[in-house]
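Descriptive structure summary
Now for the letters of each chain:
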Amino acid sequence: MRNLIFFIYKYHVFFMFFLLEVLAFVILYRYNNYQKASFLNYTGAIANNFYTGVSNTKDYFNLRRVNDSLQLENARLRTQLLTSYYQNNISLNSINDTVYKQQYTYLTARVVNNSVTKRKNYITLNRGRLHGIEEKMAVISETGVVGIVNHVSDHYCTVLSVLNSDCRISAKLQKNGAFGALMWDGNNPRIAQLKDVNKHVPVRINDMIVTSNFSPIFPEGIPIGKIYYHTLDAGDNFHTIDVEMFTDFTTVSTVYIIKNVFKQEQESLESLLIEERNKK
Amino acid sequence: MILDFFSYLLRFILIILLQVLVVDNIDISTKVNPYIYIGFILLLPVTIKPWFALVLAFLCGATMDTFSKTPGMHIAATLLLAYLRIHYLRFSTTKEDIESRIRPSISKKGVVWFVFYAFIMTFIHHTLLFYLEIYGFQEFFNTLLRILLSTLVTVLMIVVGQLLFYNVKTRNE
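Residues numbered from 1 in each chain as written. Chains lettered and ligands numbered in written order. Predicted model: local features only at pLDDT ≥ 70, side-chain atom pairs only at ≥ 80, totals over all residues.

As for the overall build of chain A
When you go through chain A residue by residue, the secondary structure sums to four helices and 12 strands. By residue count, 29% of the 280 residues in chain A fall in the buried class. For chain A, long-range pairs separated by at least 24 residues make up 58% of all intrachain contacts whose partners lie at least 6 apart in sequence. (Helix = DSSP H or I, 4+ residues; strand = E, 2+ residues; numbered from the N terminus. Buried ≥ 20, exposed ≤ 12 C-beta atoms within 10 Å, placed from the backbone. Contact = placed C-beta atoms within 7 Å.)

Have a look at this one:
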């Protein structure tokens, strides 16, 4: 027994290193799965409060640029208003509209923290559970797609940015509807990759890429970017496409979070399919 | 002792703030992610108790994990750094160094010694950290390139930082 204690004392530095390292790896293995929110909820609150203060200061320097882009967006939205259309019908009857039903609602949010140079980049927003934010909501900026909400606390949420190796967004070519998956290879924060576009689809530089209608997260047709470069290797079944994104992730400061009102309905319907399959 | 404690605390807070507020916001390239906060561990005095160095490394890593929203990666890498540093210093310091309780810095040990020491330690730290971040060896050579470039920039920043801040102090001594 005394020898054991002496042994432990003699190598106490190594044992201590070993124990702490094991602790670090336990934390790593338990929480590395990006769906497990709890670790970020514990430690996130401290960091988030800190970053809010920093971003409050930084926002002053961006005001002019943000104003410009908001003005542009306002102009675009005004042109879509009903009042900017010529009324062609003669009788104007107000009826209860059963043809159009609101499917997506938009909520503004401010970027509290952001990174673009890491391999897995996250964005923190100042909206959380208390504002009705849930996991897997879409996030877009004035110019295009930004990412998907992945963790929510009471006052904040973190967003899996497009610039994250775990992020996949269902996209399509605007001109012919051919679809693919948008991912990021970790090199250039302006350029993302569009995978799985079949080789018979004609693609050209500057073709618009938008979100597809398959995803229960994003509304159809949100702009993502335009084709910057493409090749088709001999014997390859899919195009290699680089997409220049419209959103400048290095300066993004105000975003919209999109809630799909019908998402639960779609998911509960689709879960019936899974149940059926499991029974068979 | 209490003075020592506050001196550590002040250095700790300063270097973490520098990392989180300044260095993390320098978008050089996706290949370069410098982590200068390890300078805090590198510049601990030679005579610091090994267990205390490990505790400081753990706290340092945990703080960085909190800010960068990573689970345990910085803790694991910084602990390894602090542990290997103990052994490295045992072989590369002289008796006088230990008796005069120096910090392993440029002004005490010379530029060549320090750059070599900082490079090896930083490289070990970054290697573990970056492969843990990728969580596997899928992009082995791309990650190796990122590690090398980031290590160079980290060492450069730590050396420049020392020339800026430490020289004034040693001249007065």
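Quick notes on the overall build of chain B
For chain B, the count of helices and strands is eight helices and zero strands. Reading the secondary structure of chain B in the N-to-C direction produces α-α-α-α-α-α-α-α. Expressed as lengths along the three principal axes of its C-alpha atoms, the size of chain B is roughly 50 × 30 × 30 Å. Looking at chain B residue by residue over its 173 residues, the buried ones come to 38%. Considering only contacts within chain B whose residues lie at least 6 apart along the sequence, 67% involve residues at least 24 apart.

Brief notes about the sheet that holds strand 1 (residues 104-114) of chain A
Residues and elements named next belong to chain A. What the six strands build is a closed barrel, ordered 1-2-5-4-3-12; its pairing is antiparallel. Looking at each pair of strands side by side, their axes are set apart by 45° on average, direction ignored. Pairing between strand 1 and strand 2 (residues 120-125): three bridges, direction antiparallel. Note that in strand 2 the partner of Asn113 across the bridge is Thr124. (Pairing = 2+ DSSP bridges. Axes fitted to C-alpha atoms, helices over the stretch in contact; angles between N-to-C directions.)

Describing the interface of chain B and chain A
Counting residues at the interface gives 26 residues for chain B, matched by 32 residues for chain A. Of all the elements in the fold, those that place two or more residues in the side of chain B that touches chain A are helix 3 (50-68), helix 4 (73-92) and helix 7 (111-134) of chain B. Among the elements that line the side of chain B that touches chain A, the one with the most residues is helix 4 of chain B, at seven residues. When its residues are assigned to classes, the side of chain B that touches chain A shows 17 nonpolar, five polar and four charged. (Nonpolar A, V, L, I, M, F, W, Y, C, P; charged D, E, K, R; others polar.)

Here's the deal with the sheet that holds strand 6 (residues 169-173) of chain A
Residue and element names in this part refer to chain A. Spatially, 6-7-8-11-10-9 is the arrangement adopted by the six strands of the closed barrel, whose pairing is antiparallel. If you compare each strand with its neighbour and ignore which way they point, the axes differ by 40° on average. Bridge count for strand 6 against strand 7 (residues 179-183) is four bridges, and the pairing is antiparallel. Its bridge partner being in strand 7, Ala171 is matched across the sheet by Gly180.

Remarks on helix 1 (residues 2-22) of chain B
Working note: α-helix, 3.6 residues per turn, so residues spaced by three or four point in the same direction. The end-to-end C-alpha distance of helix 1 of chain B is 30 Å, a good match for the 30 Å that 21 residues give at a rise of 1.5 Å each. The inward-facing, buried residues of helix 1 of chain B contact helix 2 (39-42) and helix 3 of chain B. (Expected span 1.5 Å × (residues − 1).)

A few points about the nonpolar core
Counting residues in hydrophobic clusters, the biggest one holds 85 residues, and the most contacted among them are Val139, Val159 and Val162 of chain A together with Leu79 of chain B. Per-element accounting of this core gives the leading share, nine residues, to helix 4 of chain B. If near-sequence neighbours (up to four positions away) are discounted, Val162 of chain A is found in contact with Val145, Val146, Gly147, Cys167, Ile169, Leu182, Trp184, Ala192 and Met245 of chain A. (Core = buried A, V, L, I, M, F, W, Y, C linked by C-beta atoms within 7 Å.)

Considering the pairing of strand 4 (residues 145-152) of chain A
Residues and elements named next belong to chain A. Counting buried positions along strand 4 yields eight of eight residues, so the element is predominantly enclosed. Two elements, strand 3 (residues 138-140) and strand 4, share three bridges in a ladder whose sense is antiparallel. Within the sheet, the bridge partner assigned to Ala138 lies in strand 4 and is Ile148. Adjacent in sequence and paired antiparallel, strand 3 and strand 4 are bridged by four residues. Bridge analysis of strand 4 against strand 5 (residues 157-164) gives five bridges, and the strand direction is antiparallel. Along strand 5, the bridge assignment pairs Val152 with Cys157. Once strand 4 ends, the chain turns through four residues before running back antiparallel as strand 5.

Spatial relationships are all this shows, so hold off on functional conclusions.
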